[in-house]
Amino acid sequence: MNIAFLGTGFVADYYMTTLANHPELRLVGVYDRSAERLRAFSAFHGVRAYYSAAALIGDPEVGIVVNLTTPESHYELSRTALEAGKHVYCEKPLAMDAAGAARLIAMAEERNLTVATAPANALSDAHALVSSLLAANRIGTPRLIYAEMEDGPVFRDKWATWRSRSGAPWPGLHEFEIGCTLEHAGYALSWLVSLFGAVESLTAFSALTFPDKGPGTEGLHLGPDFSVGCLKFRSGPVARLTSGLAAPKDRALTILGDLGSIVVADLWDNRSAVHLEEVSAPRRLETRIGNRLEARLGSFLPGKPRAGRRVRYPSAAKPAVLPGYPSQIDFCRGIAEQVRAIAAGRRPFFSGQRALHITELALALNNAGTAAVPYVPSSRF
């Protein structure tokens, strides 16, 4: 399948890094509205540069337009690509409002096209491992889930100096304006929705807790830097999801069931450490020693070994090429899954109503404000 990148900013280099994992994808060209950024990216990677977005979208060689532009541009450019008869793979969110996202999905269905959405971390090896543990009933019926999408107080770091492989600056100012939830909640929501199905109701709260983000941010209209949502799934479990740009970095997922628990250390790691604790299994020696020390000292030990045993992964036929920490995700795996689905005549997993549902949930979390009230999603799958 021939693909083209619309946007060559910071995240585009993550896609270029992981393109090597998928020889079935052929990148025919790229475009960016910044001529300087376009020249730097195309020269660094040795790829063709289109002279306009219209030229890229109108190229008959292109089968999938990969929309890597800023969130505010997602709807309009994806709509234009669909009107040109192209499949679309879009970075999160699909649109800045649920109605716009719904229009894109409807357009794709009318034209027998697909709109698939990032992130691809729920297509990871870690997700497959957790899914297999749940399918094998290793922890019984899941009851409660804690998902963390805390990226740390990045505004206190030297973010203005961060650069991608080809030299693109990290878009810190724009990230602070959009807010942590639209940028990050999808990494957890894609896992949660794929494991437990659709959300029946959601109660959320979001706030701008640190309005002073440092030099260069004066006068900006900043988005929420903290959000928390409680999600009730139609299948039964309840989840709490937090997203933030202030609390210490934590991207863990904890699933608590009748017979035990599963902990994923990092949802941004393709082969994250996964720990399984089964109620019926004897506790590890390290855990027993830690518990005894706490009882003897009369205080909590924050460095105590994680409960349960680390689960082994099946041997990988070939290790995936991944970006370095902290984004060890196969970003192109979502596009490759879309290509396989198109070839097989089926709907890609993260497309259609499922993609719309994830987008609607992220928007609801982001836009909740400080008056937490129940929200019932209108999307279903």
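Presented here is a report on the structure given in the accompanying data block. (Residues numbered from 1 in each chain as written. Predicted model: local features only at pLDDT ≥ 70, side-chain atom pairs only at ≥ 80, totals over all residues. Heavy atoms only, no water.)

1. Quick look at helix α1 (residues 10-18)
Side chains that are three or four residues apart share a direction in an α-helix, a result of its 3.6 residues per turn.
At step 1: Most of α1 sits out of view: eight of its nine residues are buried.
At step 2: Among all positions of α1, only F10, A12, D13, Y14, Y15, M16, T17 and T18 are buried.
At step 3: For α1, the secondary structure elements touched by its buried residues are β1 (2-6), β2 (26-31), α2 (35-45), β3 (64-67), β4 (87-90) and α10 (333-344). (Buried < 20%, exposed > 50% of the residue type's maximum accessible area, 1.4 Å probe, protein only. Helix = DSSP H or I, 4+ residues; strand = E, 2+ residues; numbered from the N terminus. Contact = heavy atoms within 4.5 Å.)

2. Brief notes about the packing of helix α6 (residues 125-135) against helix α8 (residues 180-196)
At step 1: The geometry of α6 relative to α8 is characterised by a closest axis approach of 11 Å and an angle of 30 degrees between their N-to-C directions. Classified by the interaxial angle, the pair formed by α6 and α8 is roughly parallel. Where α6 crosses over α8, the two elements pack in a sense that is right-handed. Each of A126, H127, V130, S131 and L134 in α6 lies in contact with α8, whose residues at this interface are W191, S194, L195 and F196. (Axes fitted to C-alpha atoms, helices over the stretch in contact; angles between N-to-C directions. Parallel < 35°, antiparallel > 145°, perpendicular 65-115°, else oblique. Left-handed = near helix turned anticlockwise from the far one by under 90°.)

3. A closer look at a nonpolar patch on the surface
At step 1: Taken together, the side chains of L285, I289, L293 and L297 define a hydrophobic patch exposed on the protein surface, amounting to about 370 Å² of accessible area.
At step 2: Turning to its location among the elements, L297 is positioned in helix α9 (residues 285-297).
At step 3: For L297, a relative accessible area of 55% corresponds to the exposed category. (Patch = residues over 30% accessible without salt bridge, like charges linked within 9 Å, V, L, I, M, F, W, Y side chains within 5 Å. Areas by Shrake-Rupley, 256 points an atom, 1.4 Å probe, with all protein chains shown as cover. Salt bridge = Lys/Arg side-chain N within 4 Å of Asp/Glu carboxyl O.)

4. Side note on the packing of aromatic side chains
At step 1: All told, the structure shown has 14 aromatic pairs when counted by the stated rule.
At step 2: Here F5 and Y15 contribute two aromatic rings whose centre-to-centre distance is 6.0 Å and whose plane-to-plane angle is 70 degrees, an arrangement assigned as edge-to-face. One end of the pair, F5, is in strand β1; the other, Y15, is in helix α1, with ten residues separating them in the sequence. Each member of the pair, F5 together with Y15, is buried.
At step 3: Pairing F155 with F210 gives two aromatic rings, centres 5.6 Å apart and planes at 40 degrees, and the pair type is tilted. One end of the pair, F155, is in the loop between β6 (142-150) and α7 (172-178); the other, F210, is in the loop between β7 (199-207) and β8 (226-233), with 55 residues separating them in the sequence.
At step 4: Accessibility expressed as a relative area gives 32% for F210, which makes it partly exposed.
At step 5: Here the aromatic cluster, defined as three or more aromatic residues joined through ring pairs, consists of F5, F10, Y14, Y15, Y89 and F331.
At step 6: Positioned above the aromatic ring of F155 is the side chain of K213, whose terminal nitrogen or guanidinium carbon lies 5.1 Å from the ring centre. (Phe/Tyr/Trp six-rings, centres within 6.5 Å; stacked < 30°, edge-to-face > 60°. Lys NZ or Arg CZ within 6 Å of the ring centre and 35° of its normal.)

5. Thoughts on the layout of surface pockets
At step 1: Size it by volume and the largest pocket reaches roughly 1100 Å³.
At step 2: In this structure, the largest pocket is lined by 41 residues; those nearest its centre are G9, F10, V11, P171 and E175.
At step 3: Per-element accounting of the lining of the largest pocket gives the leading share, four residues, to helix α4 (residues 71-83).
At step 4: Of the residues belonging to the lining of the largest pocket, the class tally is 20 nonpolar, eleven polar and ten charged.
At step 5: Of the voids in this model, the second largest pocket is the one considered here, and its volume is about 300 Å³.
At step 6: In terms of lining residues, the second largest pocket is bounded by 17 residues, among which D125, K318, P319, A320 and R333 are the most central.
At step 7: At three residues, α6 tops the list of elements feeding residues into the lining of the second largest pocket. (1 Å grid on protein atoms, 1.4 Å probe; cavity = no way out; pocket = protein on both sides within 12 Å on 5 of 7 lines; lining within 4 Å. Points joined across faces, edges and corners; volume = space filled by probe spheres on them. Nonpolar A, V, L, I, M, F, W, Y, C, P; charged D, E, K, R; others polar.)

6. Quick notes on the environment of W170
At step 1: Examined against the element boundaries, W170 turns out to sit in the loop between β6 and α7.
At step 2: Using a relative accessible area of 14% as the deciding quantity, one classes W170 as buried.
At step 3: For the pair W170 and N67, spaced 103 residues apart in the sequence, the C-alpha separation amounts to 18 Å.

7. A look at the sheet that holds strand β10 (residues 253-257)
At step 1: Judged by pairing direction, the sheet is mixed, and its nine strands sit side by side in the order β13-β12-β11-β10-β6-β9-β8-β7-β14 without closing on themselves. At either end of the open sheet lies a strand with only one pairing partner, and these are β13 (309-310) and β14 (374-375).
At step 2: Relative to β10, β6 is paired through five bridges, and the arrangement is antiparallel. Looking at the pairing, Y146 lines up with T254 of β10. (Pairing = 2+ DSSP bridges.)

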